[in-house]
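Structural description and commentary
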Amino acid sequence: MTLSTEDILKNLNENQTKAVTTDAQHALVLAGAGSGKTRVLVHRIAWLISAEFVSPYSILAVTFTNKAAAEMRNRIAFMLKREIRDMWIGTFHGIALKLLQINTEAAGLPKNFQILDSDDQYRLIRRCIADLELDEKQWPPRTVQAFINDKKNDGLRAHEVEDYGDYNNQTLIKVFGHYDDHCQRAGLVDFSEMLLRAHELLLNDEAVLKKYRQRFSHILVDEFQDTNAIQSAFIQLLAGKNNKVLVVGDDDQSIYAWRGAKVEHILEFQTLYPNTAMYKLEQNYRSTQNILDAANGVIANNKKRLGKDLWSAQEKGDLVAVYGSHSEFDEAFFVGETIEGLLSEDARADDIAILYRSNAQSRLLEEALLKRSIPYQIYGGLRFFERLEIKDVLAYARLVNNRHDDIGFERVINTPTRGMGLKTINLIRNYAQMEQSSLWESGKKLLKAGKLSNRAATSLAAFNNLIDELEDNSFSGDDNEQNLASLFTDIIERTALKDHYLKEPPEKAQTRLENLDELINAAEMFEVTDEDLALGLTPLAAFLAQVSLDAGDTTQVNEPHVQLMTLHSAKGLEFPAVFIVGMEQGLFPHQNSMEDHNKLQEERRLAYVGITRAEKKLFLSYATSRRMRGKINACQPSQFLREIPKELIKQMRGNIHPATTYSSHTPIKTPYQSQTQNTNDSPYQLGQTVKHKSFGEGVITDMSGKGDYLQVLVQFNDFGPKVLAVKFAKLEIV
DNA sequence: TCTACGACTATTTTT
DNA sequence: TAGTCGTAGA
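Overview of the structure. (Residues numbered from 1 in each chain as written. Chains lettered and ligands numbered in written order. Predicted model: local features only at pLDDT ≥ 70, side-chain atom pairs only at ≥ 80, totals over all residues. Heavy atoms only, no water.)

**Quick notes on the protein's contact with DNA strand C**
Stated precisely, the cut-off is as follows: We call a residue near a given molecule or strand whenever any one of its heavy atoms falls within 4 Å of it. Within 3.5 Å is the distance limit for a polar contact, defined as a pair of N or O atoms, with the added protein rule that one can donate a hydrogen and the other accept it, and that residues adjacent in sequence qualify only through two side-chain atoms. Ten residue types, Ala, Val, Leu, Ile, Met, Phe, Trp, Tyr, Cys and Pro, are classed as nonpolar, four, Asp, Glu, Lys and Arg, as charged, and the remainder, Gly among them, as polar.
Residues in close proximity to DNA strand C include Arg-126, Arg-363, Arg-627, Arg-629 and Gly-630, which together make up its full environment. The contact atoms of DNA strand C, taken as those within 4 Å of the protein, divide so that sugar and phosphate hold 67%. In this structure, Arg-126 approaches DNA strand C through a side-chain N or O atom, which is 2.7 Å from a phosphate oxygen. In terms of residue class, the surface near DNA strand C is made up of no nonpolar, one polar and four charged.

**A few points about the protein's contact with DNA strand B**
Close contacts around DNA strand B come from 25 residues, with Asn-66, Ser-118, Arg-357, Asn-359 and Thr-566 the closest. A breakdown of the atoms of DNA strand B within 4 Å of the protein gives sugar and phosphate a share of 55%. At 2.6 Å from a phosphate oxygen of DNA strand B is found a main-chain nitrogen or oxygen belonging to Asn-66. One nitrogen or oxygen atom from the side chain of His-590 is found 3.3 Å from a sugar or linking oxygen belonging to DNA strand B. Within the surface near DNA strand B, the residues separate by chemical class into five nonpolar, 15 polar and five charged.

**Focus on the nonpolar core**
The line we're drawing: In these notes, a set of buried Ala, Val, Leu, Ile, Met, Phe, Trp, Tyr and Cys residues joined through side-chain atoms within 4.5 Å is what counts as a nonpolar core. The buried label applies to any residue whose accessible area, calculated with a 1.4 Å probe on protein chains only, is under 20% of its type's maximum; exposed applies above 50%, and partly exposed to all values in between. Secondary structure is summarised from DSSP: a helix means a run of H or I of at least four residues, a strand means a run of E of at least two, and numbering begins at the N terminus for each.
In this structure, Val-393, Leu-394, Phe-463, Phe-488, Ile-491, Leu-519 and Phe-543 are the most contacted members of the largest nonpolar core, which totals 51 residues. Looking at which element gives the most residues to this core, the answer is helix α17 (residues 388-401), with eight residues. Core analysis: the next-biggest nonpolar cluster, separate from the first, contains 42 residues, Leu-99, Phe-216, Ile-235 and Leu-238 among them.

**Observations regarding the environment of His-692**
Basically, it comes down to this: By the convention used here, residues are in contact when the closest approach between their heavy atoms is within 4.5 Å.
Within the fold, His-692 resides in strand β22 (residues 689-692). Take His-692: its relative accessible area is 12%, and that puts it in the buried class. Measuring from C-alpha to C-alpha, the distance between His-692 and Glu-732 comes to 6.5 Å, with 40 residues separating the pair along the chain. Beyond its immediate stretch of four places on either side in the chain, His-692 contacts Phe-716, Leu-724, Ala-729 and Leu-731.

**Brief notes about helix α10 (residues 206-215)**
Quick note on the threshold: The arc in question is formed by the directions pointing from the helix axis toward the C-beta atoms.
Buried residues of α10: Val-208, Leu-209, Tyr-212 and Arg-215, and no others. All buried residues of α10 project into a common sector of 135° when viewed along the axis, lining one side. Exposed residues on α10 whose side chains face more than 90 degrees from its buried face are Glu-206, Ala-207, Lys-210 and Gln-214. In this fold, the buried residues of α10 make contact with β3 (88-91), α5 (92-102), α9 (191-204) and α11 (229-239). At the N-terminal boundary of α10, the capping side chain belongs to Asp-205, with an oxygen 3.2 Å from the backbone nitrogen of Ala-207.

**Some words on the pattern of salt bridges**
Note the threshold: When a carboxyl oxygen of Asp or Glu lies within 4 Å of a side-chain nitrogen of Lys or Arg, that pair is called a salt bridge.
By the definition in use, this model includes 49 salt bridges. Between Lys-10 and Asp-7 there is a salt bridge; the shortest N-O distance is 3.9 Å. One salt bridge connects Asp-154 with Lys-262, and the closest N-O pair in it is separated by 3.0 Å. On the criterion of sequence distance, the pair formed by Asp-154 in the loop between α7 (141-153) and α8 (167-186) and Lys-262 in the loop between β7 (244-249) and α12 (264-267) is long-range, its members being 108 residues apart. Judged by its relative accessible area of 28%, Lys-262 falls in the partly exposed class.

**Quick look at the side chain of Asp-117**
Residue placement: Asp-117 occurs in the loop between β4 (114-116) and α6 (118-131). From its side chain, Asp-117 meets the backbone nitrogen of Asp-120 in a polar contact 2.8 Å long. Looking at Asp-117, its side chain comes within polar contact range of the side chain of Lys-391, at 2.6 Å. Beyond its immediate chain neighbours, meaning those up to four positions away, Asp-117 contacts Phe-191 and Lys-391.

Structure, rendered in structure tokens:
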């Protein structure tokens, strides 16, 4: 049973329909925030399969995150009422990895090549810096790592990086080369390498290129504004002259230039791909008109744009609320109180999101929510498979999978400590380097040659046996199939890792053990696909590969929570009510981005992303004083606030036009403020003279917040106006 | 091998 | 300010 064309096109607006049914060779779909971007992709694929009878086998759909890939796959299956097996849907990295796994030899990789995640890469780079006898102080590993990845993202290998004759640059190139040599010898592939190598595979192997060009007659790419040079080149190469490419994206939502993404790819798409039809999706189904107008007002200040104007068929809705607070405490208080108000009306906690520019801002907000017993959840931070205990167990598993996995070896050879100190490890390392062998091999040889101390020899032999036994034991039962869950259980028990974590503070240990249980669960749930089997991967190898590409979503949804996250991680999400906090010059736009024109534009796009997350209510707040890096700074409201048309703003407190902020002697009366003052039961009052330890005497001229969050504005005789948190300031009443 | 202390640093993050 | 990291010393 096929889906009728009517079924596919119903519920689509005019431009969406045009994009879905396009017969141009290439299509650029400029999809504004909330305009049904994913919808167009999903319907387009359904259209290709059901109306144009394109075989799913010939379709390649690429996204940036696993989440997006999974969502797309589900929605297509739901629409077509069947699972689409032969179609490739995945992240750029996932697709690249698949190509490498199928064409291992042509790609110049060993059969059992290993994937390095960022942390592994970092460790290896540190080793390389040490190998070359460079000083880490002078060559910070992070800088070197960024250098290598930047170059790879631009499609360059060490020998291709331009050598300006500059010592600094030359050294970086040297480390890059050394690192790549090491990876090549050991069969290691980092994330950027995956893309670079897949690209090279197509570029250098005509037969392979021909095969995939013939196969993928239809290529679709999501979030095209986020592609970096190598990703863009990859698509172009695969497309060749004849295949059809449809990309969806929004130049106004390009917020990842700092990690190699180039807006130019979407801006220049029509030049790069002749015969391109462009479709603009400007009707927004998410937000009220006022919110969209605010977003439009801000983004209009950017220069390099393809130009779009979002509109909504919805009502105008509430005005954008702007709150000027005295301090970050006051701001957190405002957010907490307002959320409490929303919740007492009709909002659910998960209708609400608090967005900020940098993670450090989350703490006070958390405290404010905690105080009111409002459930919340923070996005970001360490993800499941990046946690230390998980990585430890996985490192053992990696060794079981492949004894020559040096990264795994280094990680666990002395974790938990088994008397293999730095001395022994260095001995093994040096020998390995001399012999060009893996650490595992080198250890064995040293052992055989009796070159290790007694203690080291005993424990290394025990370690070797342990790994071998773990592997043997993982094959259980009559079918002799590898059982992952029992392997992991075995690892945790027999390596004494469990006892090792139990030595930590109870709370920490508890979480670690819980995570390990979770890992065993994940292993139990893991199913080897036919594809993995066809590639000749063992269950363990397949599991390890999957785990390294998908760091695991730690967010478990049970009761509704207020969502706290950075503006970056909010991309693609939507909420009925959104708070954007810390709207101040220097924080948002961030200090490091304010001088540079391009960076400032990216900050502005970030503001645009943030504003367009809101469906119905949008609250923007700033503080006129904020403690940052241990220092109290006076802050100006963000320029982005002033870019929102005045008539859309309801200023709840303060004034975003800087001249009149802050130092006035008369407190600003707002409904919000009088409300909090009524409930103020502190000993301090307006007009009161107080004494401060270092600032001396002054008069209280404004107050806000209550309880622990009570703030006062004091005009000090000798130091001028200062905002102080009463809880900390220890003011004496004179 | 573990602990303690001093130095250092401080956007955004997916794979 | 606060958290991480490396090293010195027990």
